[in-house]
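Next come the chains, spelled out residue by residue.
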Number of protein chains: 2
Amino acid sequence: MSSATYSVSGMTCGHCVGSVKSEVGKIAGVTAVDVDLATGKVTVTGNEPVEEALVRDAVEEAGYELVTA
Amino acid sequence: MSSATYSVSGMTCGHCVGSVKSEVGKIAGVTAVDVDLATGKVTVTGNEPVEEALVRDAVEEAGYELVTA
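Procedures and definitions
- Residues numbered from 1 in each chain as written.
- Chains lettered and ligands numbered in written order.
- Predicted model: local features only at pLDDT ≥ 70, side-chain atom pairs only at ≥ 80, totals over all residues.
- Heavy atoms only, no water.
- Helix = DSSP H or I, 4+ residues; strand = E, 2+ residues; numbered from the N terminus.
- Rg over C-alpha atoms; globule rule 2.2 N^0.38 Å.
- Least-squares fit on C-alpha atoms with pLDDT ≥ 70 in both.
- Contact = heavy atoms within 4.5 Å.

Chain A goes by Heavy-metal-associated domain-containing protein in an unreviewed UniProt entry, where it is assigned to Nonomuraea marmarensis.

This part covers the overall build of chain A. A tally of regular secondary structure across chain A gives two helices and four strands. Ordered by position from the N terminus, the helices and strands of chain A form the series β-α-β-β-α-β. Against the compact-globule benchmark of 11 Å for 69 residues, chain A has a radius of gyration of 11 Å, which places it among compact chains. Counting only C-alpha atoms, chain A reaches 30 × 25 × 20 Å along its principal axes.

Now for the relation of the copies chain B and chain A. It takes a turn of 180° to lay chain B on chain A, together with a shift of 0.0 Å along the axis; the resulting RMSD is 0.0 Å. The two molecules are tied by a two-fold rotation axis, judged by turn and shift. When the interface residues of chain B are mapped onto chain A, 100% of them are again interface residues, pointing to one common binding face.

Structure, rendered in C-alpha cells:
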C-alpha cells in the first residue's frame, strides 16, 4: 500500500471535498481519498504509488489547484 | 410576476449556489431563482408571491440559513 499527501487550494465546503474525492477516486489504482477541508490536505492511497501528474489532473478537473510544496 | 430577495448565509462556492437554486427551484410556483454568491442575495421569482416560510425551509434543506433582515 502507498499513500501520498498533497495540498489543494480553493476548496471551501463539503461539496468541494466531494468533487475532489470523486475525481481523484476515478484514477486507476486509487483505493482511498481522504480530504481535510480545514487544511486542504488530500491523501491519496493506492496499492501502488499513484503518479502525481494524474492526481494533479484530477484535482484540476474538479476545479481546484494542487499546490506545489 | 412577483420577486423577493433574501439574504442567505453560508454559501461559499458554486456548488452551494447550485444547491440553493435546486432546492428553492422545487417550490411550487417558483419560476426563477437567482443567487449572487458574493453578497449572499437570493432572488426568488414566481407568478404569484412565494411564501417566505417555504423559501426558508428550502434554503435550510440545502444546508444554509436565511438571514432575517
